[in-house]
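# Topology and contacts: notes
Each chain, letter by letter, is given below.
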Amino acid sequence: MDMKLAAALYLALATAANAQGLDGVALEGDMRKLVVHDAPKEVSAAPMQNPEGETATLSDWSGKHVLLNFWATWCAPCREEMPSLDALQTAMGGEAFEVVTLATGRNSVEGIEDFFAEVGVETLPIWLDPKQGIARDMAVLGLPITVLIDPEGREVARLTGDADWNAPEARAVIEEWTGAGS
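Described below are features of the structure shown in this document. (Residues numbered from 1 in each chain as written. Predicted model: local features only at pLDDT ≥ 70, side-chain atom pairs only at ≥ 80, totals over all residues. Heavy atoms only, no water.)

Before going further, it helps to examine the overall build of the protein. Across its full length, the protein holds five helices and eight strands. Counting from the amino terminus, the protein carries its helices and strands in the arrangement α-β-β-β-β-α-β-α-β-α-β-β-α. Out of the 182 residues belonging to the protein, those deemed buried represent 45%. Intrachain contacts of the protein at a sequence separation of at least 6 include 74% that bridge at least 24 residues. As displayed, the protein offers around 9500 Å² of accessible surface, 52% of which is attributable to carbon and sulfur atoms. (Helix = DSSP H or I, 4+ residues; strand = E, 2+ residues; numbered from the N terminus. Buried < 20%, exposed > 50% of the residue type's maximum accessible area, 1.4 Å probe, protein only. Contact = heavy atoms within 4.5 Å. Areas by Shrake-Rupley, 256 points an atom, 1.4 Å probe, with all protein chains shown as cover.)

What follows is the structure in structure tokens.
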């Protein structure tokens, strides 16, 4: 096979892989902690609830790229991370992409509202996983944990610990993954 044909074939395969996930995305800065799975994983079907008592499951976001963040009001790294998630949602949230924050364990709605006010969060939703059913199903063993869920509702990557999700390298990953950078 000649070199031009081999290069074209490689580029075509890389482009197809990137269209399906995060293969080939440059992971720099905090994104070096992002673990991209070899194959997508199932997510929990357990319900979460909002402050009004309405329930939802992760399948309700089917068709969207979702950044799911597991956190708690007592989590110091979450306090650092949450404003960057809010900024990411403000900048990129919409029909194709959404940041979903899920307070896992004992977190009162009042405590969450106070937490959001203290750190300047204005756009993120409040979802609760009080009995940690979703966290348990998805093997969340510490906080914060951020999971990237593809439009088919499968986990494709996971980042353990906090990250600056509004940093240029994080936005580049999200843009590449969602196709917003194309």
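Structure shown, so let's carry the discussion forward.
Omega for the peptide link from Leu-143 to Pro-144 comes to -10°, which places this bond in the cis form. The phi torsion at Gln-132 lies on the positive side, around 60°, for a residue other than glycine. Relative to the elements of secondary structure, Gln-132 occurs in the loop between strand S6 (127-129) and helix H4 (133-137). Of note, Ala-139 is a non-glycine position whose phi angle comes to about 55°, a positive value. Along the polypeptide, Ala-139 turns up in the loop between H4 and strand S7 (145-149). You can call Ala-139 partly exposed: its relative accessible area is 46%.

Glancing now at the environment of Ala-91. The topology assignment puts Ala-91 in helix H2 (residues 76-92). Residues Ala-91 and Asn-166 lie 75 residues apart in sequence; the distance between their C-alpha atoms is 8.7 Å.

Right, let's talk about the nonpolar core for a bit. Formed by 35 residues in total, the largest nonpolar core has its most connected members in Leu-22, Leu-67, Met-82, Phe-116, Leu-148, Trp-165 and Ile-174. Of all the elements in the fold, those that place two or more residues in this core are strand S4 (65-71), H2, strand S5 (97-104), helix H3 (109-119), strand S8 (154-160) and helix H5 (168-178). Setting aside anything within four residues of it in sequence, one finds Ile-174 in contact with Leu-67, Leu-88, Met-92, Phe-97, Leu-148 and Trp-165. One finds Leu-58, Phe-70, Val-100 and Ile-145 within the second-largest nonpolar core, a separate group that totals 19 residues. (Core = buried A, V, L, I, M, F, W, Y, C linked by side-chain atoms within 4.5 Å.)

Moving on to the packing of H2 against H5. The N-to-C vectors of H2 and H5 enclose an angle of 45°; their axes lie 12 Å apart at closest approach. Comparing the axis directions of H2 and H5 gives the class oblique. Of the two possible hands of crossing, H2 and H5 adopt the one that is right-handed. The segment H2 lies against H5, with Ala-87, Leu-88, Ala-91 and Met-92 engaging Arg-171, Ile-174 and Glu-175. (Axes fitted to C-alpha atoms, helices over the stretch in contact; angles between N-to-C directions. Parallel < 35°, antiparallel > 145°, perpendicular 65-115°, else oblique. Left-handed = near helix turned anticlockwise from the far one by under 90°.)

Let us now look at the state of the cysteines. As enumerated under the stated definition, the model contains one disulfide in all. Disulfide pairing is shown between Cys-75 and Cys-78; the S-S distance is 2.3 Å. Where Cys-75 bonds to Cys-78 through sulfur, the torsion about that S-S bond is close to 80°, and the disulfide is right-handed. (Disulfide = S-S within 2.5 Å.)

Below, the discussion takes up the pairing of S7. Each regular strand shows side chains that alternate between the opposite faces of the sheet. The buried count for S7 comes to five of five residues, which makes it a mostly enclosed element. Burial along S7 is two-sided: Ile-145, Val-147 and Ile-149 facing one way and Thr-146 and Leu-148 facing the other are all buried. Examined bridge by bridge, S4 and S7 share five bridges and lie antiparallel to one another. By the bridge assignment for S7, Asn-69 is matched with Thr-146. Here S7 pairs with S8 via five bridges, running antiparallel. In the strand pairing of S8, Ile-145 is matched with Thr-160. (Pairing = 2+ DSSP bridges.)

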